[in-house]
Amino acid sequence: VRHVASAPGMMTFAEALLDKYLEEGTLPEERGWVYAMVAEMRENMGDLDGAIKGYTDSLTVHPGSKTAFRLCRATFKRACAAKEAYAVIPYHDEVRIEKIVELRAFWQSVIDAYHQGVENKQHHQALDDGPLFEEMESIHAAGAYLELGQVMDALALAEKAYTAFPENSALGVMVAE
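Residues numbered from 1 in each chain as written. Predicted model: local features only at pLDDT ≥ 70, side-chain atom pairs only at ≥ 80, totals over all residues. Heavy atoms only, no water.

Q: Break down the overall build of the protein for me, citing the residues and quoting the values.
A: Broken down by element type, the protein carries 9 helices and 0 strands. When the elements of the protein are put in sequence order from the N terminus, they spell out α-α-α-α-α-α-α-α-α. Considering only contacts within the protein whose residues lie at least 6 apart along the sequence, 62% involve residues at least 24 apart. Entry remark: accessible area of the protein is about 9,900 Å², with carbon and sulfur atoms responsible for 60%. (Helix = DSSP H or I, 4+ residues; strand = E, 2+ residues; numbered from the N terminus. Contact = heavy atoms within 4.5 Å. Areas by Shrake-Rupley, 256 points an atom, 1.4 Å probe, with all protein chains shown as cover.)

Q: Can you lay out the environment of tyrosine 21 for me, pointing to particular residues and giving the numbers?
A: Along the polypeptide, tyrosine 21 turns up in helix α2 (residues 8-24). With a relative accessible area of 31%, tyrosine 21 lands in the partly exposed category. Distance from tyrosine 21 to valine 34, taken between C-alpha atoms, is 8.3 Å for residues 13 residues apart in sequence. Discounting residues that sit within four places of it in the chain, tyrosine 21 has contacts with Glu30 and Val34. (Buried < 20%, exposed > 50% of the residue type's maximum accessible area, 1.4 Å probe, protein only.)

Below you can see the structure in the form of structure tokens.
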């Protein structure tokens, strides 16, 4: 259903439905859930900035753990896209320095979203049910720590992920080295 709903023509319908629902909905958990579902549709369409805004709006009205981990995932994708885009800027260009600062902020937002998800586990939300969201997003946060040069923090999260996914050979190599 989400895949069909996230088709470009359906996104306009979903956003109109969201607006109507939010006029009527009063429970913070429900409102947060609606924001998160539309954010996931935006993410599936490749609208990472829209997804990040939706996940952030969701967390503003209700502190869901899974939503924060989804925010971690979306910000990781956004940071990776920015890293790729910024790689073509000439090394000596002053704009590159600004973009490096911006990119570091993107990587930090990945880490912040991951920690928010861990902290939000105490605020259960029906949307949060599911397997291993924290462990899956620890991989993204570990990657962000590596990008920021914080190797020991990256290793700690990689070890956590490897405990959950011992069959993952890439994590095994990372932890062994």
